[in-house]
Structure formats: structure tokens, C-alpha cells
Amino acid sequence: MKLEVQTNELSSTKTIDNSQINEIYESVGDEHFSTGLKTPMREDAFALSDGEKKEQIADLFSQIMDVMGLDLTDDSLAGTPHRVAKMYIDEIFSGLNPKNKPSIALFDNSYQYNEMLVEKDITFYSNCEHHFVPIIGKAHVAYISSGKVIGLSKLNRIVQYYAKRPQVQERLTNQIGMDLCELLETEDVAIIIEAKHLCVSSRGIKDDTSSTTTAFYGGKFQEVNTKQEFQNYLNHA
Ligand SMILES: [Zn+2]
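Report follows, based on the coordinates. Being a predicted model, the structure only gives us computed values, none of them experimental.

Summing up its helical and strand segments, the chain has eight helices and nine strands in all. Split into buried and exposed, the 237 residues of the chain put 30% on the buried side. Pairs at least 24 residues apart make up 67% of the contacts formed inside the chain by residues separated by at least 6 positions.

And the structure:
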């Protein structure tokens, strides 16, 4: 499979083999490159229960607040470490745990729909793994059925699952693309993600207008006409 990753921040488009994915991440530069397709996790990542993790995170987060000089006895701040811990484990980073992966049922393509299916403007919220601040974006997902179809809301759920991790946009794009190839039993899958990174807009270079676009084109989507058809659907409301 070949991947095409495009970032409009760099105005570059490349087509690469899987073996070269790391090079792409490095070419993205800044501190925004990742080391592989898999989210880097330790072997013992799930040795602790969710409850134990929340307890430890709350404790550690209260230490961060304390070091910064915040008064944790203040009514408004007292519950913050627990709120943050619960939010990390149950919500914004829940996609780290495979037990939270949406269960996907495939159906036979009984309506004989053999054209491209496009689900566009899937809004997602993720977090940059380098700064732990939000990435806000839209994902556009397309596939051509190999004889199996998937419930439309499941495409949305797969996007949300991978978004709920500390992420870099390139990895998010590839994780969604690769997983859908496997689930749908076809390589004919395409993903385009457009996102705003708060680590770029609210801090650092403070550029509020730039956004980042990444793409995954598998199978038939590497053909110019198919790619064009997908992009036409995205350009028309
Ligand atoms: Zn960042």
C-alpha cells in the first residue's frame, strides 16, 4: 500500500511506501513528527485499572497545580485534579484503551451499491501529543465496497476512537485509514483530515489562520480519476 501525505503548511505532497512513513514524519519538522503508525505505548499500559489510573492522575495533577502555586483548598480548584483525571481516562484519551474500540458489524452489500461512498465533515477533537492541547478538525472518509458495507455512524465512531488519543495528525490519518482497510476488507479507502492545532495558534508561533491537511489514499484511490471524484464530492456541498 502507498500513502500520500500532504501538509499545506509545507505545501508539499509526497507518495511513499509504508517503509518510508517515518521519513515523512521527520520531514514535517518542528517538534511535530511521530515515530510510527502505532501509538507508542508500554507493554504494561493496562496493568492498572481505570479507577487506579484516575486516582494516580488526580494526585499527580494536583502536584502540578500545587507547584504552580495554585491554592487547592479554593472551592473552585479543589475538584479540578479529579475532573482532569476522569476526563483523561473516560473521555479525551479513552481511545488509548482497545476495550473502548467501537464494535463494528459488517453487512453484505445487498443493495448492490458499488460506487464510492463518502462520509464528509466528521468533526473531531483530539489532542497534540507534544503539547497536550487540542487539535480540532474535520475528517472526510471514503471507501468503495468490496462486497461488505458498514453502518455510516461507525465511520464516525472509528474517527472518534483514534482521535481520543494523544496524537499527531499524520498518525491519526494513517490509523483511521489502515483500520478501515482492515475492517472493510478492501484497500479502497481514502481519508482527508483538515485540522487546526491549538499548539500552533494559541502558543508558539501563534498563527491563527493556518491549518493542516493530511491524506491517506489506498488502492483505487491512488488512481487520478478516483482521487478526483473523491475531491469533487468534498468540494460540492
Ligand atoms: Zn503540538
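On we go from here.
To continue, consider the environment of Gln160. With respect to the helices, strands and loops of the structure, Gln160 is situated in helix α5 (residues 152-163). The exposure class of Gln160 is partly exposed, given the 19 C-beta atoms found within 10 Å. Between the alpha carbons of Gln160 and Ala139 there is a distance of 9.8 Å; along the sequence they are 21 residues apart.

This part covers the pairing of strand β8 (residues 189-197). Within β8, seven of the nine residues are buried, leaving the element largely enclosed by the surrounding structure. Across nine bridges, the pairing between strand β5 (residues 134-144) and β8 is antiparallel. What sits directly across from Ile135, in β8, is His197.

Looking at the element boundaries, Val189 is found in strand β8. Along the chain, Val189 and Met178 lie 11 residues apart, while their C-alpha atoms are 8.4 Å from each other. Leaving out residues up to four positions away in the same chain, Val189 has contacts with Tyr143, Gly177, Leu180, Cys181, Leu184 and Gly218.

Rules behind the numbers
Residues numbered from 1 in each chain as written. Predicted model: local features only at pLDDT ≥ 70, side-chain atom pairs only at ≥ 80, totals over all residues. Helix = DSSP H or I, 4+ residues; strand = E, 2+ residues; numbered from the N terminus. Buried ≥ 20, exposed ≤ 12 C-beta atoms within 10 Å, placed from the backbone. Contact = placed C-beta atoms within 7 Å. Pairing = 2+ DSSP bridges.

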